[in-house]
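Chain by chain, the residues run as shown.
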Amino acid sequence: MSDPAGYQPLAGKVAVVTGAAGAIGSATARKLAERGARVIGVDHPSADGGPVETARWPRRIHPAARRRDRRSRVCGYVEKSLALGSRIDIFFNNAGIEGTQASIQDYPTDEFVRVFNVNVLGVFLGMKYVLPLMQAQKSGSIINTSSIAGLIGAANMSSYIISKHAVLGLTRTASLEAAPFGVRVNSVHPGFIESRMLTDIVHNLGVPGAEALVPAVPLGRLGTIDDIAIAVAFLASDESSYVTGHSLLVDRGKTVG
Ligand SMILES: NC(=O)c1ccc[n+]([C@@H]2O[C@H](COP(=O)([O-])OP(=O)(O)OC[C@H]3O[C@@H](n4cnc5c(N)ncnc54)[C@H](O)[C@@H]3O)[C@@H](O)[C@H]2O)c1
């Protein structure tokens, strides 16, 4: 969906997007840039670490630097983003992995920890280092990516389900801590989004294909990455200035009943 000509609600704002090389991150980075933000993308090619990649960035996106451990990597991309943008107005705390699909008794403990480290510790550390900057500015909008998996259970997905529930709890907690400083914190909960991640999950769960999930979606159809980008752009903008601590479901009704 394209914006009306000249629609720039994010003009003058600096946005940091994690997981920016992925499906939802790249679509959202593009949408934020289209709406006027200067966007700094953060990603790396493997869930366990490695260099930040420059591939597939939209023109206004700059890579952040490599660091050794998770805390120092997060601190590093926040420092570098600040150096590039002078401020951070929007933080799309989006990087996440799905992990293995297996029952709890068969779930590899190391894999559980790996998912938790990216999806929970990564989101926590992102806010730990971005919130003080926004609080000092007395403004800012953080959007954490949870999932419909943050609100419901699903067999054979314990690590992912737990991690996305944790993102919801982190969002609610952060929204209360940040509110006195005029900073907003919300979460977005994508449903079944046409993407590599959904394709892999349904394959591993033995579902014939992502389209087989459509009958479970009250309004029908799979979601697109732009459905999420538009929702995030709204939460990022001052148009949502009365919204904080909110869990925005973008799932065409999947989680209602
Ligand atoms: N695709 C879906 O259907 C769906 C549904 C609900 C929620 N989500 C969530 O949306 C977010 C994005 O998912 P996606 O579909 O774009 O997946 P994706 O795999 O296409 O993108 C995720 C990106 O995050 C990056 N990443 C992983 N660990 C990182 C780390 N520690 N630091 C920085 N970058 C890291 C990956 O390299 C990848 O580019 C995830 O949090 C995911 O759980 C996706």
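Refer to the structure above for everything that follows.
Here we summarise the structure given alongside this text. What you see is a predicted model; the values in this text were computed from it and never measured. (Residues numbered from 1 in each chain as written. Predicted model: local features only at pLDDT ≥ 70, side-chain atom pairs only at ≥ 80, totals over all residues. Heavy atoms only, no water.)

1. Focus: helix α1 (residues 23-34)
Defined as follows: Runs of H or I in DSSP of at least four residues are treated as helices and runs of E of at least two as strands, each being numbered from the N terminus. What a helix is expected to span follows from its residue count: subtract one and scale by 1.5 Å. Note on exposure labels: buried denotes an accessible area under 20% of the residue type's maximum, exposed denotes more than 50%, and partly exposed covers the range between, all computed with a 1.4 Å probe on protein chains only. Contacts were defined at the residue level, with two residues in contact if any of their heavy atoms lie within 4.5 Å.
Helix length check: α1, at 12 residues, gives a terminal C-alpha distance of 17 Å against a target of 16 Å (1.5 Å per residue), a fit within 8%. With respect to burial, α1 is a largely interior element, nine of its 12 residues being buried. Close packing links the buried residues of α1 with β1 (14-18), β2 (38-42), β3 (90-93), β5 (183-190) and α6 (225-236).

2. A closer look at unusual backbone geometry
With a phi close to 70°, S86 is a non-glycine residue in the positive phi region. One can find S86 in the loop between α2 (70-85) and β3. Note on S86: relative accessible area 63%, which makes it exposed. Despite not being glycine, K138 has its phi angle at roughly 65°, a positive value. Inspection of the secondary structure puts K138 in the loop between α3 (109-137) and β4 (140-145). Judged by its relative accessible area of 54%, K138 is exposed.

3. Here's the deal with the nonpolar core
Heads up, the condition is: To form a nonpolar core, buried Ala, Val, Leu, Ile, Met, Phe, Trp, Tyr and Cys residues must be joined to one another through side-chain atoms within 4.5 Å.
Core analysis: the largest hydrophobic core is formed by 25 residues, its most contacted members being M127 and I142. Looking at this core, the elements with two or more residues in it are β1, β2, α2, α3, α4 (158-178) and β5. A total of eight residues in this core trace back to one element, the largest contributor, which is α3. Residues L10, I24, I143 and A233 belong to the second largest nonpolar core, which totals 22 residues.

4. Looking at the packing of α1 against α6
The cut-off we apply is this: Convention adopted: a line fitted to C-alpha atoms gives each axis, helices being fitted over their contacting stretch, and angles between N-to-C directions are expressed from 0 to 180 degrees. For classification, angles of less than 35 degrees are called roughly parallel, those exceeding 145 degrees roughly antiparallel, those between 65 and 115 degrees roughly perpendicular, and all remaining angles oblique. Should the near helix be turned anticlockwise from the far one by less than a right angle, the crossing is termed left-handed; should it be turned clockwise, right-handed. Charged residues are taken to be Asp, Glu, Lys and Arg, nonpolar residues to be Ala, Val, Leu, Ile, Met, Phe, Trp, Tyr, Cys and Pro, and polar residues to be all remaining types, Gly included.
Here α1 crosses α6 at 50°, and the two axes come no closer than 8 Å. Relative to α6, the element α1 is oriented oblique. Remark: the crossing between α1 and α6 carries right-handed chirality. Judged by residue contacts, A23, I24, A27, T28, R30, K31 and L32 of α1 engage I225, D226, I228, A229, I230, V232, A233 and A236 from α6. For the contact of α1 with α6, the per-class residue count stands at 11 nonpolar, one polar and three charged.

5. Details of the sheet that holds strand β6 (residues 247-250)
Put simply, the test is: Whether two strands pair depends on DSSP finding at least two bridges between them.
A sheet is described by the order of its strands in space; here six strands give the open sequence β2-β1-β3-β4-β5-β6, paired in parallel fashion. A strand with exactly one partner marks an edge of an open sheet, and here the two such strands are β2 and β6. Each neighbouring strand pair of the sheet contributes to a mean axis angle of 20°, computed without reference to strand direction. With five bridges joining them, β1 and β2 adopt parallel strand pairing. Within β2, the position partnered with V17 by the bridge is G41. Packed onto the sheet, α2 meets β1, β2 and β3 and runs at close to 155° relative to β2.

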